Amino acid sequence: MSGRAGGERDRSPGGAADEPVRADEARARADGGSNPPVRRLDDWNAARLRTLADEYDTPLYVLDLDRVRANYRRMRAAFPDAEICYAAKANAHADVLATLAEEDASVECASAGELRRALAAGVPADRTHYTAVNPPARDLDDAVEVATARDGLTVTAGAADTIDRLADRGYEGRFCLRVNPGVGAGHHEKVRTGADAKFGVPADRAVETLAEAADRGFDVVGVHAHVGSGVSGDQLAAHREFVSRVGAIAREATEAVGSLEFVDVGGGFGVPYREDESPIDLEAVAAATREALGEVDARLVIEPGRYLVADAGVLLTAANTVKEAPETTVVGVDAGMTTLLRPAMYDAHHAIRPLAPDAADREAVPQTITGPICESADVFCEDRGLPRIARGERLAIGNAGAYGYEMASTYNSRPRPASVTLVGGEARPARRRESVADVTRLEVRREGEDDRTDGDVAGTGGNRDRGSMPADPEVGE
Ligand SMILES: Cc1ncc(COP(=O)(O)O)c(C=O)c1O
């Protein structure tokens, strides 16, 4: 099997807390402190990641808030006049929301829960957008309560009867209509929303629906659509077509209701999950967006999610089983589809890298990396050429900052992992590791049944196996 062994650039022995997070920091400084459009898994300092894995155990999400900021600033530079509305669903941790609020981001919330989290993290109400997709009654109640208590929330509805339900609740606030322009794009069929009937009012009914909302007393401020998620540079033509249809609807809508404050063309800005994939050309996407939108007397709104957070995060995990099967070598790790769902859900590719200092010197062999969940979908990669992995060894999984922890679950009664955030290179705990007691906490106890967990098993993979960790020649473990 050909393939480059997982590129260990970092040769430093210790990985102390004050080591730079990025192995390529010197290179970036030489570039005049530029803001590279992509951070690859190899750009992370392996020694530092090993230290974090030692200190906080695995599985562990690590999110670098400085990189989130840098990604935001790059997007701000490409879209200087747009409202950048971060899609909280990609990563709704308070540290992320607060960091982006400190920049000038707005936040797009897919649920009342995200809305509450955004407000609690300090996002001003007039920079929150609540996008109601078939909203449960409790969600609508909550959003209307927020809108009543704090001026400025924009509610986006994608069905005429959601408008009725808002009116039933006495809502008369800022209103935006989600439309379905009939063009979708994205990295997987499951995320191409732009033409999916579930999302938005069909294009041919959009203007009359907006006019009706205005007649009923709603403060109509915008039109919204979202093409899909993870749109690559190759899909620029679909992006153009999508935006141009949204632009046409916005022009008609402006005539029908007098004026619009904004046109929201959603998110979907792709990131290179594969190591040989190029980052999207943000300037080209921005130019194409402006051109395709055409003349519209309204502010442009964009809703990036993964672009801002994906490459700011890695997932650290440890190998617990190495099995030679006739077809392949199976490496079992302590993270699984309950920790990072994307590979199982979307067949998504994530770079994987053993963190040992000698990894790059080892022979690359095909290995299948799987989790501990009792499902055959619980696979991170199949037959991938990686340096031969030993039991106990720690690995990093790249681009895990978006749709990672957010999609984690406790299936198989696997507690969810811990998280740390990095600020100025310094690590701070961001979320404690769940325990089995956390998983069962909401079960209703009957009399005399106090504890069903038989002790508190902390997290997954907590590491009695450390004793079997192979000697790390340079660290001398
Ligand atoms: C309405 C809406 N906006 C923005 C996004 C963000 O997409 P991405 O993370 O690909 O930028 C999504 C993702 O599902 C979405 O549904």
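Okay, so let's go over this structure.

Parameters and conventions
Residues numbered from 1 in each chain as written. Predicted model: local features only at pLDDT ≥ 70, side-chain atom pairs only at ≥ 80, totals over all residues. Heavy atoms only, no water. Buried < 20%, exposed > 50% of the residue type's maximum accessible area, 1.4 Å probe, protein only. Helix = DSSP H or I, 4+ residues; strand = E, 2+ residues; numbered from the N terminus. Pairing = 2+ DSSP bridges. Right-handed = clockwise from strand over helix to strand, strands pointing away. Salt bridge = Lys/Arg side-chain N within 4 Å of Asp/Glu carboxyl O.

## Considerations on the pairing of strand E5 (residues 154-157)
Inference 1: Neither face of E5 is exposed, since Thr154 and Thr156 on one face and Val155 and Ala157 on the opposite face are all buried.
Inference 2: Note that strand E4 (residues 128-132) and E5 share four bridges and pair parallel. Its bridge partner being in E5, His129 is matched across the sheet by Thr154.
Inference 3: Once you follow E4 into helix H6 (residues 137-149) and on to E5, the crossover reads as right-handed.
Inference 4: Sheet topology places E5 next to strand E6 (residues 174-180); four bridges connect them, and they run parallel. The residue of E6 that forms the bridge with Thr154 is Arg174.
Inference 5: Following the chain from E5 across helix H7 (residues 160-168) to the adjacent parallel E6, one finds a crossover that is right-handed.

## Observations regarding the pattern of salt bridges
Inference 1: Across all of its chains, the model carries 27 salt bridges by this definition.
Inference 2: Glu108 is paired through a salt bridge with Lys89; the nearest N and O atoms lie 2.9 Å apart. In this pair, Glu108 sits in strand E3 (residues 106-109) while Lys89 sits in the loop between strand E2 (83-87) and helix H4 (94-102), placing the two residues 19 residues apart along the sequence.
Inference 3: Judged by its relative accessible area of 3%, Glu108 falls in the buried class.
Inference 4: When its relative accessible area of 31% is taken as the criterion, Lys89 is described as partly exposed.

Nothing here speaks to function; it is geometry throughout.
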